[in-house]
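Structural features, examined
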Amino acid sequence: MGSRKRISRNATGEVKVLSLRRLHCTGCCKIHHELPDFLVPYKRYESTCIEEVVSLVPFLSNSSRSLS
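To keep things clear, this report deals only with the structure shown in the data block.

Calculation rules
- Residues numbered from 1 in each chain as written.
- Predicted model: local features only at pLDDT ≥ 70, side-chain atom pairs only at ≥ 80, totals over all residues.
- Heavy atoms only, no water.
- Salt bridge = Lys/Arg side-chain N within 4 Å of Asp/Glu carboxyl O.
- Helix = DSSP H or I, 4+ residues; strand = E, 2+ residues; numbered from the N terminus.
- Buried < 20%, exposed > 50% of the residue type's maximum accessible area, 1.4 Å probe, protein only.

All chains considered together, the criterion is met by 2 salt bridges. The partner of Arg21 in a salt bridge is Glu34, with the nearest N and O atoms 2.6 Å apart. Of this pair, Arg21 sits in strand 2 (residues 15-24) while Glu34 sits in the loop between strand 3 (31-33) and helix 1 (47-67), placing them 13 residues apart in sequence. Taking the relative accessible area as the measure of exposure, Glu34 reaches 37% and is therefore partly exposed.

Attention now goes to unusual backbone geometry. Backbone geometry at Cys29 places phi at a positive 60 degrees, although glycine is not the residue there. For Cys29, the position within the fold is in the loop between strand 2 and strand 3. Overall, Cys29 belongs to the exposed group, its relative accessible area being 57%. Despite not being glycine, Tyr42 has its phi angle at roughly 70 degrees, a positive value. Judged by its relative accessible area of 84%, Tyr42 is exposed.

Here it is, written out as structure tokens:
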């Protein structure tokens, strides 16, 4: 099927251009993209960056409540 380019960013904002393989599913007749482990579908940032931000959310929401 070929490949396509995809841009990803890490926590420092560094941009990487990746080449993702396109695969044709004979079961559903759709095209799927093979993602590496560090990418999240439909997201620009790498999974480690997203995990860091999500882990900060409870901390930030608790600290903002104590300020008001």
